[in-house]
Each structure stands twice: as structure tokens, then as C-alpha cells.
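Architecture and fold: a report
So you can see what is in the structure, the chains are spelled out below.
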Amino acid sequence: MDAIILQILNGLDKGSAYALIALGLTLIFGTLGVVNFAHGALFMIGAFCAVTLSKIFSLSYEVIDESQTDFLGNPLKVQTPYVEAWFGPETGAALIDWSVPLAILFSIPIMITIGFIMERGLIKHFYKRPHADQILVTFGLAIVLQEIIKYYYGANPIPTPAPDVFRGSYDFSAMLGFEPNSVIYPVWRLIYFAFSALIIGAVFAFLQFTTFGMVVRAGMADRETVGLLGINIDKRFTIMFGIAAAVAGLAGVMYAPINAPNYHMGMDFLVLSFVVVVVGGMGSLPGAVAAGFLLGILESFASTTWATTTIPGINQIIIYLVAIIILLTRPRGLMGKKGVMEE
Amino acid sequence: MSKSNLTRRGLLKTSAIAGGGLMLPTYLRAAAHSGFTNAPTGDTVTLGFNVPQTGPYAEEGLDELRAQELAVEHLNGEGDGGMMSTFSSKALQGNGILGKKVTFVTGDTQTKSDAARASAKSMIEKDGAIMINGGSSSGVAIAVQGLCQEAGVIFMAGLTHSNDTTGKDKKANGFRHFFNGYMSGAALAPVLEKEYGKDRRAYHLTADYTWGWTQQESIAAATEAVGWQTVENVLTPLASTDFSSYIAPVLNSGADVLVLNHYGGNMVNSLSNAIEFDLLSKEVNGKNFEIVVPLYSELMAAGAGENVKGVIGSMNWNWQLTDEGSKAFTKSFGEKYGRPPSNSAHTCYVQTLLYADACERAGTFNPCGVAEALEGFEFDGLGNGPTLYRAEDHQCFKDVLVMKGKENPSNQYDTLEIVEVTPRAQVEYAPDHPMFAGGDLGECNPGA
């Protein structure tokens, strides 16, 4: 039983990342009708926003310390961060320590701007082109973005830890009546899950309870009629692209302490997130979220020793296997609607 | 008026045949004259450096490239000479190789076997490379070694740690300076026993490919020999980025040690995930839980950041060694690039010197002459103490380092500390050892 709870917990944080990326993908597909293969790159750029803020806070000046030597035997150049010099050692150290949560604020305007530039500068020219063209151009864009990141940040993963207070794990064992250490889970991953739930809830509330959201939903249902009412739906859809980019970016920022960011991390998530969108039902926001968590949990269970010894390789194919079964039994996915991508 | 029989089609055919003849790969023409592939005919000789310049091991590859460029400078008599002054063989004079100035071409392996073979093939056939050096990954090394054997050039493998490279996949044209999984096990086991005791239960997470399999087999055998028990070995896909679902069950398995048979991005992520789960602060079976990373690299340790603190692993070489050769190389590399060299950089640097030295001693670039000069070659002064290139399997034997993540690093390069220099005798094994069984070195192929 403790092993089951552990794998469900494990699936929730992975599912959170899938759900957030798939939510953004679905928003873009549902509003603009664009299959955006650059969405994984937005997730990666979000993670690098955390890296960048951490590097900004760590910008240092050098002081030569004659009492110590470097690897060549020369006097050691000691690095002191400017923030520690300006705000005092304690405040400066706290800023560096809290760079990931602070990067949430830092990343939102950056991601929205990147979203706007991507949509206005490139993707809008492909609205009326076939999906294959859209996939090619956005995939190309994703490669360009990851190469830019690699050029500036290098190919190696860059450790970007969570604040000290959130490191370590929480032991649920006593609460659930198990032996100590039976159900432990990293604190930051629990925060990631809660954060994802908050963002997902905020996006749904925005679409459900605001006038802007109502217009966007109407536009998703019948773009032409909304246009005939004199509403500039294109402008709103562009804003939605920016919001989708911000959602992917926030998912990336908070993921940085879980896996050290590297230029390739967007691609690692992209394919799986597309499967999540298809399983959830193209254009269905609740479907994307539900499928994200479902596949995250299934993937987690498939990685257990019991599963991999019973069916070798099941951990690598489970998501695709489930996708095939769901698409055979429910061709439009779990919550897909008639008419979406069926013309 | 004469009538010409030349038609448009005929002209095209003739041009194609003539063009094809002229564009025959350089090595075929050279070989026809001198009996081996890419025999240098001018006043230069070209070496091929095949390293990952893109992909997940790009940083490692770029460090190898820096070292190889430095080696070329030293061979041509430029710079401070680096390890040439400490090398026990004095055949190298700083005037190139056999009087020919050394030039080099580079290829990008991308850490993919097919891409690595393609780039090596291109360097041999189009650029006339006389040897191929470098790389990072055993899968790539084995693939390129096979290609070099067929093409008739010497292959000096870079960072490859699988037993198979000089075991079942060994080739007469291939040599490996780097240590292997067996040697890691032999060096680590006594230290692990001393640090953590005899009665330990180990849980292995293993990258699912040739290097992971052979390393796991080696570490499990070595630790079981000192009394440890292997509780579980879980194979993880090479493409994995999040290992939490593999790490979550570890504490419930009754294991008190986690062995991460991972390298590169896999190692950085699996170790970070294990630290996230707070494994090192847990107590199991009345003992502190421990993590072991059998194969360390400075660049990967930097990627894992403070997560490596207190974690034990093994290395081929480290810039903190105090022998004259290591000091000379670290000084030379550090002054040129402003950073200490990694152990992959060291491997590729010394392999370039060793190849050049073998050519000088053999008096030829013929790969069979060079191979003969390298086989059974004993030398010193290139770091790691007295070293042997064993004739039977072309594996290098030298001291191995046991390392530990430093508790209080003073700078970004100060991530690991040397716990023990394991003497060569302790990591040696017979050429017919079961872990290296199968395969055949075969005959040297000069090409042509």
C-alpha cells in the first residue's frame, strides 16, 4: 500500500508538468488552431529564466586573496556577489537562495513578450497553412531557440536549487500509519504540484469568470460569429498565446530545481505533452489536464521494479500504449469534441 | 568537313568517368603508393579528432578538443611542451611527427554511433586523417573502433569505460588509455568496505546500454566479494531525465546503499533526485544511507553542484595529482584556457602524444608498425605513474583514483577530492577474465 501511495505521489508531480505544458498547447490549438511544436522550448526558456535570475544575483566582483592560491598556484581571486555588497551578506545570500521563486515574477513579462513576438513575428503567417507546415515551422523554431540557449549557457545542465527551507523530503509515513521512511516525498515536488494546481485553477477561472475569458471561449466555439459581432478576436487570441507561453514558462521555472536545466529539456517533454493533448482530446482544456495527471501516474507505476520485471520495457512504452488504447476506443480522446481536427 | 562522333550523352559519360577518377578519395591514391591508408606524402600529417561537439556530452567533447589542440601545439614545438618534458620516452623532439608538421581535423560524434562513424569516415576518406582520437561514450567508441579497423587507421578511444571496448569488442587497430568498469570496481570496493563496512545492501540503478551493464556487473562483483549484498538492479532508459519513480522505492527495498551506474546528464539527474529524496540523511538497517557514483567526471560533478558532497566514485585522472607530469599538463592547459583540465582532456592529450611517440619509435606511420610500438609499451611521466599498454587486449593499466565530493569547495573547480590512489597492481586482471571474454583482437589492418 505504501508503494502505491508513493507512486501516486510520484505521478502527480510528473503529471503536473505534463498538464501545464499540455494546457498551454491546448490553449494555443483551441484559440489559434496552431499545432505549436515550439511549446516545449517555451518550457525550457522558463527554466532558463530561473537560471538567469540566479546568475544575475550571483554576479560578482573579484578580490585577490593573497592568503589562498588557485589551481595554478596564483593568488586566489575570491568572488563576492554584488547583491551581498549592496544589501548586506544576509539579504544578498537570501536573494540568491530564493532566486527560483523570485524568477516566477521575473519570467512572466519575459514569457509573455516572447509569446507575442513568436505569434506576431512568425506563427500568424501560418494560420491558414496546413498543420504539417505549422508543425515544421514551429519545430524549426524550437531547434533555433534551444541552439540559442546552448550558445549562451553551454550544453551541460546547470544546477538551480530550491531555497534551503524547501530542500529535503517530507515523511508521510506517520500520518498514514506506516513504518518511518515508507512514504517520503521531496518537499519541492509537493510545492510543484500545489503550484500547478493553482495555475491550472487560475487559467480556468480566468476563462470562466471574466468577460475576456467568455469572449475567448466564444471565439473558440465559433470564431466567425464572434467576429461578426465586431469583436477583434485575433487580438484576444494573441493575448492567449502570450498567456499560454507564460504558463509553459512558469512550469519551467518551478521545474528547474527538480532537474537541472539544460537546453534539451523542452524536447524531452514536448512529445509526451502532445500525446497528453491527443489523449485528453484536441482542444479540450479539462481533457489536457486530466490526461496529464493520468499519464503521469501511469508512467510512474510502469517504472516500478514489479512492472519492469513483469513486462520488460513497459516504462518506455506505457504512455504510447495507453494512447493507442484510448484512441481506438475513443477516437476523439477522453474529452475531445466532434469536429476538432476532423475536417 | 569532318564529322564528330561526340554526342552530348557521350560527353557527359566521359566527363563523369574522368571526374570520378579525379575525385577518388585521397587515401586510395596514397595507399596505392605506400601500402597503408592515408600515408602522408607532403610535409604535414593530419590527425582526426572525433569528439562530441553538440549533444549532451558537448562540454566533455570541447574539453577533449582543447587538450588535443594543445597536444598538437606541443608536438610542433610550440608552447611550453607540457608533458613532453616529463614523458619517460624521449622520442618526441617538438618537430612534429617523423619530421612532418602536425595538423588536425575535427568531427562531431554527437554522442551517436551512426553520426560518429560518419564523421570518422569523412575525416579518413576526405581529409586524409591518419588516426582517429577521442570521443565520449562506449557505444560510440565501439562503433568507431570497428570502422577504424576496417579503414586501416589507428583508433585511440577517448572516454569509454565499458569492459567491452577492450573485451568482446576489442580490435587490433584500437587502443584505450581510459580505465574500465572492472578497474572501478577493483579500486572502489576496498574503499567502500573501509568507509561503510562489510555488511551492506546495495540497490543499483543502471543505464540500459553496454557501459551501464558492464559497470554494474563489475561493481556488484567487487562489492559482493567484500561482503555486500546486491538487493536489486533496475535498468533505466538512457533517455530518462527524471529518476524519481526509480528512486522512490529504494528505501522500502531494505537497501542501505544506492549505486548510480549513470554518467553524464543521467548521473546529474539521478544523483540530484536521490538528494531531493533526502536519502543521505536517512538511517536504514541501523546505518547511515550512502550513495556511490562509480564513474566520476569533473564536468559532471560541476553539473550536479553541491549534490556530490560526500559521494564516493572513481576517476581515471585528476588535475590535483602532484606528480610532475600532471602538474606540467595542468599548468600548460590552465594557462592556455584559464581552467583545470578534465580527465577526458587528459586522456585525449596523452593519447595524442602516445600515438606520435609510437610513430617516432616505429619510424613509420604504418598503423601496424604503430600498433606494434604501442603493444606492451611501458612508460611513465604522463600522470598515473608507471603505465602499460597491454599487448593482449590493448587496454592501458595504471593507477586509478578514488574520489569523493568535497564538503567545502573553495571555487567552482574544487568539487572533488582524491581519497586514494589505487595502485595499478590492484586493478589488473588476466586477459581472459570472464568479464572480458569473447571477441578477438584480430590482425592489424594497414588498409590500402
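Residues numbered from 1 in each chain as written. Chains lettered and ligands numbered in written order. Predicted model: local features only at pLDDT ≥ 70, side-chain atom pairs only at ≥ 80, totals over all residues.

1. Examining the overall build of chain A
Let me state the cut-off plainly: Helix and strand labels come from DSSP, where a helix needs a run of H or I of at least four residues and a strand needs a run of E of at least two; each type is numbered from the N terminus. Counting other C-beta atoms within 10 Å of each residue's C-beta, where C-beta atoms are placed from the backbone, gives the exposure class: buried for 20 or more, exposed for 12 or fewer, partly exposed between. Placing C-beta atoms from the backbone, we regard two residues as in contact once those atoms come within 7 Å.
A count of helical and extended segments in chain A gives 15 helices and four strands. In terms of overall dimensions, chain A has a C-alpha envelope of 75 × 55 × 35 Å along the principal axes. Expressed as a percentage of its 343 residues, the buried residues of chain A come to 45%. Expressed as a percentage of contacts within chain A between residues at least 6 apart in sequence, the contacts between residues at least 24 apart total 73%.

2. What to know about the overall build of chain B
The following threshold applies: The size measure is the radius of gyration over C-alpha atoms, and the globule rule it meets is 2.2 Å times the number of residues to the 0.38 power.
Across its full length, chain B carries 14 helices and 17 strands. On C-alpha atoms alone, chain B measures out to a radius of gyration of 24 Å, which is about the 22 Å that the 2.2 N^0.38 rule sets for 448 residues. Across its three principal directions, the C-alpha atoms of chain B cover 105 × 50 × 40 Å. Put simply, chain B has 448 residues, and 59% of those count as buried. Sequence-distant contacts, at least 24 apart, represent 72% of the contacts inside chain B between residues at least 6 apart.

3. Regarding the interface of chain A and chain B
Short version of the rule: Here the term charged refers only to Asp, Glu, Lys and Arg, the term nonpolar to Ala, Val, Leu, Ile, Met, Phe, Trp, Tyr, Cys and Pro, and the term polar to all other amino acids, Gly among them.
At the interface, 35 residues of chain A touch 35 residues of chain B. For the side of chain A that touches chain B, the secondary-structure elements that each account for two or more residues are helix 1 (2-32), strand 4 (184-186), helix 12 (265-280), helix 14 (305-310) and helix 15 (314-329) of chain A. With six residues, the single largest contributor to the side of chain A that touches chain B is helix 1 of chain A. The residue makeup of the side of chain A that touches chain B, split by class, is 13 nonpolar, 19 polar and three charged.

4. Description of the nonpolar core
As a reminder, the rule being used: Structurally, a nonpolar core is described as a collection of buried Ala, Val, Leu, Ile, Met, Phe, Trp, Tyr and Cys residues joined by way of C-beta atoms within 7 Å.
Core analysis: the biggest nonpolar cluster contains 226 residues, and Leu23(A), Val247(A) and Leu271(B) have the highest contact counts within it. For Leu271(B), the residues in contact, after removing those within four places along its chain, are Leu260(B), Ile291(B), Val293(B), Ala304(B), Asn307(B), Val308(B) and Val311(B).

5. A look at the sheet that holds strand 14 (residues 387-389) of chain B
Residues and elements named next belong to chain B. We count it as follows: Here the rule is simple: two strands pair whenever DSSP picks up at least two bridges between them.
Read across the sheet, three strands follow the order 13-14-15 without closing on themselves; strand pairing throughout is antiparallel. On the outer flanks of this sheet lie strand 13 (377-379) and strand 15 (396-397), each paired with one strand and no other. Across two bridges, the pairing between strand 14 and strand 15 is antiparallel. Paired with leucine 388 across the two strands is phenylalanine 397, which belongs to strand 15.

6. A few points about the packing of helix 8 (residues 187-209) of chain A against helix 9 (residues 211-221) of chain A
Each pair of packed helices can be summarised by the angle the axes make with each other and by the distance between the axes. All names here are of chain A. Test applied: Throughout, an axis means a line fitted to C-alpha atoms (over the contacting stretch in the case of helices), and angles, computed between N-to-C directions, take values from 0 to 180 degrees. Working rule for angles: under 35 degrees goes down as roughly parallel, over 145 as roughly antiparallel, 65 to 115 as roughly perpendicular, anything else as oblique.
Where helix 8 meets helix 9, the closest approach of the two axes is 5 Å, and the angle between their N-to-C directions is 85 degrees. By the angle between their axes, helix 8 is roughly perpendicular relative to helix 9. Of the residues in helix 9, those touching helix 8 at Phe206, Leu207, Gln208 and Phe209 are Gly213, Val216 and Arg217. Each residue belonging to the contact of helix 8 with helix 9 can be placed in one class, and the counts come to four nonpolar, two polar and one charged.

7. Overview of the sheet that holds strand 1 (residues 44-51) of chain B
All names here are of chain B. Across the sheet, which stays open at both edges, the five strands sit in the order 2-1-3-4-5 with parallel pairing between neighbours. A strand with exactly one partner marks an edge of an open sheet, and here the two such strands are strand 2 (101-108) and strand 5 (174-176). Strand-to-strand, the axes of this sheet are offset by a mean angle of 25 degrees, without reference to chain direction. One ladder, built from eight bridges, connects strand 1 with strand 2; its direction is parallel. Along strand 2, the bridge assignment pairs glycine 48 with valine 105. Contacts from helix 12 (residues 343-362) reach strand 1, strand 3 (131-136) and strand 4 (154-159), with the element oriented near 160 degrees to strand 4.

8. Here we look at the confidence of the model for chain B
Put simply, the rule is: One number per residue, pLDDT, summarises how confident the predictor is, and it ranges from 0 to 100.
Taken residue by residue, chain B gives an average pLDDT of 90. The fraction at 70 or more is 92%. Across the interface, the model reports ipTM at 0.79; the global pTM reads 0.83.

9. Quick look at the environment of Val72(B)
All names here are of chain B. Within the secondary structure, valine 72 sits in helix 3 (residues 58-75). Residue valine 72 is classed as buried on the basis of its 21 C-beta neighbours within 10 Å. Valine 72 sits 102 residues away from glycine 174 along the chain, and the two C-alpha atoms are 21 Å apart. Residues within four places of valine 72 in sequence aside, it is in contact with Val102 and Phe104.

10. Describing unusual backbone geometry
Both trends apply: most residues other than glycine have a negative phi, and most peptide bonds are in trans. Residue and element names in this part refer to chain B. Of note in the backbone geometry, threonine 111 takes a positive phi value of approximately 55 degrees without being a glycine. Its place among the elements puts threonine 111 in the loop between strand 2 and helix 4 (113-125). Even without glycine at this site, serine 137 takes up a positive phi of about 135 degrees. If you trace the backbone, serine 137 turns up in the loop between strand 3 and helix 5 (138-151). On the basis of neighbour count, serine 137 is assigned to the buried category, with 32 C-beta atoms found within 10 Å.

11. A few points about the environment of Arg332(A)
Residue and element names in this part refer to chain A. Note on placement: arginine 332 falls in the segment after helix 15. For arginine 332, a count of 20 C-beta atoms within 10 Å translates into the label buried. Expressed as a C-alpha distance, the spacing of arginine 332 and methionine 282, which sit 50 residues apart in the sequence, is 7.3 Å.

12. Brief notes about the pairing of strand 2 (residues 75-81) of chain A
All names here are of chain A. In this structure, strand 1 (residues 60-69) lies alongside strand 2, joined through seven bridges in antiparallel fashion. The residue of strand 2 that forms the bridge with serine 60 is proline 81. Connecting the antiparallel pair strand 1 and strand 2 is a turn made up of five residues, with glycine 73 showing a positive phi of about 90 degrees.

13. Some thoughts on helix 9 of chain A
Residues and elements named next belong to chain A. Threshold: This arc corresponds to the set of directions leading from the helix axis out to the C-beta atoms.
By the burial criterion, the buried members of helix 9 are Val216, Gly219 and Met220. Seen along its axis, helix 9 keeps its buried residues to an arc of 100 degrees; they face one direction. Exposed residues pointing more than 90 degrees away from the buried face of helix 9 are listed as Thr211, Met214 and Ala221.

14. As for the environment of Leu190(A)
Residues and elements named next belong to chain A. Looking at the secondary structure, you find leucine 190 in helix 8. Through-space distance from the C-alpha of leucine 190 to that of asparagine 10 is 9.4 Å; in sequence the pair is 180 residues apart. Excluding residues within four positions of it along the chain, leucine 190 makes contact with Tyr170 and Tyr185.

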